[in-house]
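These are the residues of each chain, in order.
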Amino acid sequence: MVISGVRLPMMTSLIVWAVIWEIAGHTEAGFILPPLSRIIWRVFEIVPTASFLDALLITGRAFLFGNAIAIGIGVPLGILMGRSVIADRLLLPWVNLFLSAPLSALVPVIMVLFGLGETTIILTVVLFSMWIIVLNTRAGIRAISPSLVEMARSFGANAWQAFSRIYLWAALPEILAGIRLGMIRAVKGVIIGQLLVSVVGFGTLFEIYQSHFLMEHFWALLLVLFSFAFTLNELLAGLERRFAYYAASR
Amino acid sequence: MTLDMEALTPRAMTDPAAIPALATRPIVEVKSVSKTYAGGIEALSGISLDFPEGRLTTLLGPSGCGKTTLLKIIAGLIPASGGQVFVDGREVKGPGPERAFVFQDFALMPWASVIRNVAFGLELRGVAHGEREAIAERQIARVGLKGFERKYPHELSGGMRQRVGLARALAVDAKVVLMDEPFSAVDEQTRRKFQEELLELVANEGKSFIFVTHSIEEAVYVSDRIALLSRRPSRVSAIIEPKIVRGGDPEKIRRNSAYLDVVEDIWQQLKHYLD
């Protein structure tokens, strides 16, 4: 952006909002929205504490396991749906349903079935992230040029070779986009799961901060989680761009 | 109906000693092959055709006449509804190592370098990495792409991409090379250059080529034998052997009356398919 001949860096708008936040924090709204400077101070205070690191470990683990399961099931399922009309007809309505459904409402059901532990959190992550991975993989597989598949067959590829050397690679840009979108949803999943279970990970911390009205701590924790989600998205988008170079030329 | 073009061709253009009779052993035999697609569209109707070994035979006909369908049946990529295809005496049940395919749209893997694309057929056969790269390097040099081994398809022009497709087909050292309108997506200069190089390959490789095109001039220029297909449901309407004496100046051949007569004759036969 250029204002009166001066080129402003990308993050300028963030600084403007930070200043507004800081000013608002010094008014009466500071009761619910403390000044940003104090919140950032709090970030450095709570991040090294054992309870925070413990929560981070539990959350990170649930996030990783959940995503691994979502990718491990989602990608093969998407490939199956992209290849088989019968599988597609059977499963597509369900995938679309779960993609648009308010999944938070299902978390209590998982809770009843699997208890108030890590399993429930992991399953919540899977529930949030898997469907978009399935749908994107399916789209990627369906867009493969038929002549590429014929090429592999004509040079004698068996089913496994066609899958591992053609389908997977040809659909990779879409699969990666699906995984990125899935991971962003998984961040929501892991936090919503913990908030609803509220005795695991960050859920416990949020619960404590809210019940004791520690708004600075509360906002500090939110800030950390927001920047985590943002950084993750940027990293995955960067990875996606590395493979997107051939997306247009398939 | 078999047209003997020798009757129409001036003696100066034919040299029976230089061209052994095409009655050599057929490498590919198509026996009353028919193809009906789901939905009842009859593409091929009882086609029988022999392809002589070591020669270039062209399937020529109006668009949508089933030339590519026949080529893909020979390749084993699509099953025939009736009839049989024999390659080197063995019935075709699917793709096989004695056949290699060159695609109209090149069908290169955009995520793989030139050398990996060329070596892909060998990779699928489990040839060791070093060995297949050595073979691929030789073929890349042969099609004139030396120095482009580590480039990616999107960095190459259309003509260069088809050279990669050709090198890939040559790398597996198949007896029969099947080419589906390989030069239709490249510009005219490149196309003519390709035609010269193709003639060189046919002369030096000892391989048999089956070539699909809709260009009469191209067919007459490069073929030892042309199978003229009629409109759908397709049959063989004529077999033509242009018997052009090679090795001269390409410009002279293209202006030669014998060459032009064959082109004109085929045009007369195809013309009525226009309406």
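Residues numbered from 1 in each chain as written. Chains lettered and ligands numbered in written order. Predicted model: local features only at pLDDT ≥ 70, side-chain atom pairs only at ≥ 80, totals over all residues.

Scanning chain A for helices and strands turns up eleven helices and two strands. Counted from the first residue to the last, chain A has its helices and strands arranged as β-β-α-α-α-α-α-α-α-α-α-α-α. Each principal axis of the C-alpha distribution contributes one length, and for chain A these read about 70 × 60 × 30 Å. Relative to its full complement of 250 residues, chain A shows a buried share of 34%. Taking contacts inside chain A between residues at least 6 apart in sequence as the whole, the part at least 24 apart equals 77%. (Helix = DSSP H or I, 4+ residues; strand = E, 2+ residues; numbered from the N terminus. Buried ≥ 20, exposed ≤ 12 C-beta atoms within 10 Å, placed from the backbone. Contact = placed C-beta atoms within 7 Å.)

Here we come to the sheet that holds strand E6 (residues 90–91) of chain B. All names here are of chain B. Read from one edge of the open sheet, four strands run E3-E2-E5-E6, paired in antiparallel fashion. Where the open sheet ends on each side, the last strands, each with one partner, are strand E3 (42–52) and E6. Here strand E5 (residues 82–87) runs beside E6; their pairing, made up of two bridges, is antiparallel. Within E6, the position partnered with Phe86 by the bridge is Glu91. Here helix H1 (residues 67–75) sits on the sheet and contacts strand E2 (26–36), E3 and E5; the angle it forms with E2, its principal contact strand, is near 120 degrees. (Pairing = 2+ DSSP bridges. Axes fitted to C-alpha atoms, helices over the stretch in contact; angles between N-to-C directions.)

Counting 137 residues, the largest nonpolar core has Val125 of chain A together with Ile74, Leu178 and Ile210 of chain B as the members making the most contacts within it. Per-element accounting of this core gives the leading share, 14 residues, to helix H6 (residues 118–142) of chain A. Not counting residues up to four positions away in its chain, the partners in contact with Ile74 of chain B are Val28, Val30, Val85, Val92, Leu178 and Ile210 of chain B. (Core = buried A, V, L, I, M, F, W, Y, C linked by C-beta atoms within 7 Å.)

Positive phi is not limited to glycine here, since Phe213 of chain A has a value of about 55 degrees. With respect to the element layout, Phe213 of chain A can be found in the loop between helix H10 (201–211) and helix H11 (215–244). With a phi close to 40 degrees, Glu181 of chain B is a non-glycine residue in the positive phi region. For Glu181 of chain B, the position within the fold is in the loop between strand E8 (176–180) and helix H6 (188–205). For Glu181 of chain B, a count of 19 C-beta atoms within 10 Å gives the class partly exposed.

It is worth spelling out the packing of helix H3 (residues 50–83) of chain A against H10 of chain A at this point. All names here are of chain A. Where H3 meets H10, the closest approach of the two axes is 7 Å, and the angle between their N-to-C directions is 140 degrees. Our classification of the angle between H3 and H10 gives oblique. Of the residues in H10, those in contact with Ser51, Phe52, Ala55, Ile58 and Thr59 of H3 are Gly201, Phe202, Thr204 and Leu205. When the residues that make up the contact of H3 with H10 are grouped by side-chain class, the tally is five nonpolar, four polar and no charged. (Parallel < 35°, antiparallel > 145°, perpendicular 65-115°, else oblique. Nonpolar A, V, L, I, M, F, W, Y, C, P; charged D, E, K, R; others polar.)

We now examine the environment of Val107 of chain A. Residue and element names in this part refer to chain A. As for its placement among the helices and strands, Val107 is situated in helix H5 (residues 107–114). The spacing of Val107 and Leu127 is 20 residues in sequence and 9.0 Å in space, taken between C-alpha atoms. Sequence-distant contacts of Val107, defined by excluding residues within four places in its chain, comprise Thr124, Ile192, Gly193 and Leu196.

Below, the discussion takes up the environment of Tyr259 of chain B. Residues and elements named next belong to chain B. Of note, Tyr259 is situated in helix H9 (residues 257–271). For Tyr259, a count of 20 C-beta atoms within 10 Å puts it in the buried group. Measuring from C-alpha to C-alpha, the distance between Tyr259 and Glu217 comes to 8.7 Å, with 42 residues separating the pair along the chain.

Here we come to the confidence of the model for chain A. Summing up the model confidence of chain A, the mean pLDDT is 87 and the portion of residues at 70 or higher is 97%. Within chain A, no element has a lower average pLDDT than strand E1 (residues 2–3) of chain A, which sits at 72, and none a higher one than helix H7 (residues 146–154) of chain A, at 93. (pLDDT = per-residue confidence, 0-100.)

On to the domain arrangement of chain B. Residue and element names in this part refer to chain B. On domain assignment, one finds that chain B holds domain 1 (1–11 + 27–98 + 175–275) and domain 2 (109–173). Distance from the C-alpha centre of domain 1 to the C-alpha centre of domain 2: 26 Å. Listed as interface residues are six residues of domain 1 and, on the opposing side, five residues of domain 2. For the side of domain 1 that touches domain 2, the class distribution of residues is five nonpolar, one polar and no charged. (Domains from an automatic or database assignment.)

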